[in-house]
Amino acid sequence: MSVTAESTEPAARERGKLLGPYRVLHGHRDLALLFSGQVVSAFGDWLYITAVIVIAYELTHSATFVAALTFARLLPYVLFLPLGGVLADRFERRRLMIAADLGRAACMIGLLLICTRERIWLAFPLVFLSTCLFSLFRPALGATVPLVAGSEDDLVKANALMTQIDAMSLMVGPALASVLIILGEARAAFVINALTYAVSATTLACLRVRQQPRADESEPQHWADETLAGFRHLFRARNGVLAAVTLTTAGVSIFNGAIWTLAVVMSAHTWHFGSQGTGFLNASYGLGGLFAGFVVSAVMPRDRLVLGYIVSMAAGIGGIALFGLSPAGVLPFAALALFGIGDVANQVAGNTLLQHGTPNELLGRVYGAFEAVVIGALLIGALVTGPLVALIGPRVTTIGIATVAAITLLVYAPRLRARTASAPVSAPAALPVTVTG
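Calculation criteria
- Residues numbered from 1 in each chain as written.
- Predicted model: local features only at pLDDT ≥ 70, side-chain atom pairs only at ≥ 80, totals over all residues.
- Heavy atoms only, no water.
- Helix = DSSP H or I, 4+ residues; strand = E, 2+ residues; numbered from the N terminus.
- Buried < 20%, exposed > 50% of the residue type's maximum accessible area, 1.4 Å probe, protein only.
- Contact = heavy atoms within 4.5 Å.
- Areas by Shrake-Rupley, 256 points an atom, 1.4 Å probe, with all protein chains shown as cover.
- Core = buried A, V, L, I, M, F, W, Y, C linked by side-chain atoms within 4.5 Å.
- Disulfide = S-S within 2.5 Å.
- Expected span 1.5 Å × (residues − 1).
- Bend = angle between axes of the 7 residues up to and from the residue.
- Polar contact = N/O pair within 3.5 Å; in protein donor to acceptor, adjacent residues only side chain to side chain.
- Salt bridge = Lys/Arg side-chain N within 4 Å of Asp/Glu carboxyl O.
- Axes fitted to C-alpha atoms, helices over the stretch in contact; angles between N-to-C directions.
- Parallel < 35°, antiparallel > 145°, perpendicular 65-115°, else oblique.
- Left-handed = near helix turned anticlockwise from the far one by under 90°.
- pLDDT = per-residue confidence, 0-100.
- Patch = residues over 30% accessible without salt bridge, like charges linked within 9 Å, V, L, I, M, F, W, Y side chains within 5 Å.
- Phe/Tyr/Trp six-rings, centres within 6.5 Å; stacked < 30°, edge-to-face > 60°.

A. Molecular detail of the overall build of the protein. Counting its secondary structure elements, the protein contains 15 helices and zero strands. Looking at the protein as a whole, 57% of its 437 residues qualify as buried. Taking all contacts inside the protein whose residues are at least 6 apart in sequence as the whole, residues at least 24 apart take part in 86%. Accessible area for the protein stands at about 17200 Å²; split by element, carbon and sulfur atoms hold 68% of it.

B. Quick peek at the nonpolar core. Ranked by internal contacts, the top residues of the largest apolar core, which has 119 residues, are Leu111, Phe255 and Phe323. If we ignore the near neighbours within four places in the chain, the residues touching Phe255 are Leu262, Ile320, Phe323, Leu336, Phe339, Thr398 and Ile401.

C. Region of the structure containing the state of the cysteines. Applying the stated criterion to the full structure yields zero disulfides. Counting only cysteine sulfurs, Cys132 is the nearest neighbor of Cys107, a cysteine outside any disulfide, at a range of 8.8 Å.

D. Inspection of helix H4 (residues 63-90) at higher detail. Given a rise of 1.5 Å per residue, 28 residues ought to cover 40 Å, and the 41 Å separating the end C-alpha atoms of H4 matches this to within 8%. Along its length, H4 shows its largest kink, about 50°, at Phe80, and proline Pro82 lies within four residues downstream of that point.

E. Here's a closer look at the side chain of Arg94. Summarising the element assignment, Arg94 is placed in helix H5 (residues 93-111). Since its relative accessible area comes to 11%, Arg94 is described here as buried. At a separation of 3.0 Å, a polar atom in the side chain of Arg94 contacts the main-chain carbonyl oxygen of Ala205.

F. How the structure looks around the pattern of salt bridges. Summed over the entire model, instances satisfying the criterion amount to five salt bridges. Between Arg104 and Asp45 there is a salt bridge, with its nearest N and O atoms 3.9 Å apart. Here Arg104 is found in helix H5, whereas its partner Asp45 is found in helix H3 (residues 29-60), with 59 residues between them in sequence. Grouping residues by exposure puts Arg104 and Asp45 together as buried. In this structure, Arg94 engages Glu92 in a salt bridge whose closest nitrogen and oxygen atoms are separated by 3.2 Å. Connected through salt bridges with shared partners, the residues Asp45, Asp101 and Arg104 form a single ionic network.

G. Region of interest: the packing of helix H12 (residues 305-325) against helix H13 (residues 331-356). Where H12 contacts H13, the two axes come as close as 7 Å, and the packing angle between them is 155°. Overall, the two elements H12 and H13 adopt an arrangement that is roughly antiparallel. The two elements H12 and H13 meet at a crossing, and its hand is left-handed.

H. Structural view of the environment of Leu353. Within the fold, Leu353 resides in helix H13. The sequence separation of Leu353 and Tyr309 amounts to 44 residues, and the corresponding C-alpha distance is 9.6 Å.

I. Expanded view of the confidence of the model for the protein. When pLDDT is averaged along the protein, the result is 77; 80% of the residues meet or exceed 70. A low-confidence stretch, residues 420-437 stays under pLDDT 50, and its non-local contacts, those more than four residues away or across chains, total 36 contacts.

J. Quick look at the packing of H5 against helix H6 (residues 123-149). Taken N-terminus to C-terminus, the directions of H5 and H6 make an angle of 155°; their axes are 8 Å apart at the nearest point. The angle between H5 and H6 falls in the class roughly antiparallel. Note on packing geometry: the crossing formed by H5 with H6 is left-handed.

K. Region of the structure containing a nonpolar patch on the surface. A contiguous nonpolar surface patch, about 380 Å² in accessible area, is contributed by Val179, Ile182, Leu183 and Phe280. When you line up the elements, Phe280 lands in helix H11 (residues 277-299).

L. Molecular detail of the packing of aromatic side chains. What the rule picks out here adds up to seven aromatic pairs. On the numbers, 6.4 Å between centres and 65° between planes, the contact of Tyr48 with Phe190 is edge-to-face. Taken together, the positions of Tyr48 in helix H3 and Phe190 in helix H8 (residues 188-205) put the pair 142 residues apart, joining distant regions of the chain. Per residue, the accessibility class of Tyr48 equals that of Phe190, and both read buried. Ring plane angle 85° and centroid distance 5.3 Å describe the contact between Phe65 and Phe124, whose orientation is recorded as edge-to-face. Remark: Phe124 occurs in helix H6 and Phe65 occurs in helix H4; sequence separation between them is 59 residues. Exposure remark for Phe124: the relative accessible area of 23% places this residue in the partly exposed category. A connected cluster of aromatic rings, assembled from ring pairs, spans Phe255, Trp271, Tyr285, Phe323 and Phe339.

In structure tokens, the structure reads:
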């Protein structure tokens, strides 16, 4: 009996590590609420994004049009994320997120009007406005996670949970969108997404968080100066490690901007999966990301975050290259699963490094600056993909994107590795606990 018990203890410990991100939810009401609401909301996001892109392609049969719509969806991130970071540091983050959810629900109802080629133009202002509202939501969410997580030990697990959100939603959302497309009910995705925003707003209304630190009143009050404070910290603080994380993440994010156009074109014309293959391809990314979310908190402790970031970034780049080289069959799905593993793992490490290296009263602005740079690269990917596919084809375009990302990692890896030999990134200062709302 004792031998059996001893032999099962290591296996039990390993299972505990893998389930670590979910074990942290036990007895943690507010983190469970935040996680649940964002899982539902993100599922609706990817459901709607897949549906609107496939609808646009089927109505226009133009990769350039799809790329332009992706550009319109992503442009507000670059324009308004830094401002969203300022607002997140100046106003109550929870209320900002609730208002953004309700506004995005209204945009989804508006997308129901898109049913003919003559009305497809309505997609542009509606997806643009929806992203504007999410630009208020995103920095507030990123800056709220450390307050909800509580202890430093729980922060990596909380970040693993939050990065699993996109993985789970990408696994389910695009797949459901593909089912709706097959059934001829693609626009139902917009109704479902509006309901998910209502669920997210409800969970946020029930959330209790630690008192939000306010920006130092001695800081310049002009919004432009406050916005630049986030960029200054991002590119000057921590001996350049935050800048290196930002720029290497941006290198890979070019593919995130290109993938929607590449997936729909290669699914229809290269591998002959049909338009519905787009959703299943993106679902394979979600499956890989979900796996990474379980593993990453077990294999990437705080003192190995930078090394884990470099390894996961290299894995993601390998997935991009394999996607461009894959013949028809299971390999395209395996390539996107590998990309999902690397992408989610580097998000966990990158977000934790960002949170540890930034005071919470500045974190909203730093998140706004970080997201603006990263999504700016994603926007470049969306903008150039259509013309590049027409000029050199989707495979060569994909390999070119992988090459750019690899070069960026090689350039900044020495700075990141130098950080591993120095003192670990300091954790955010502890904050007094008070309940709001």
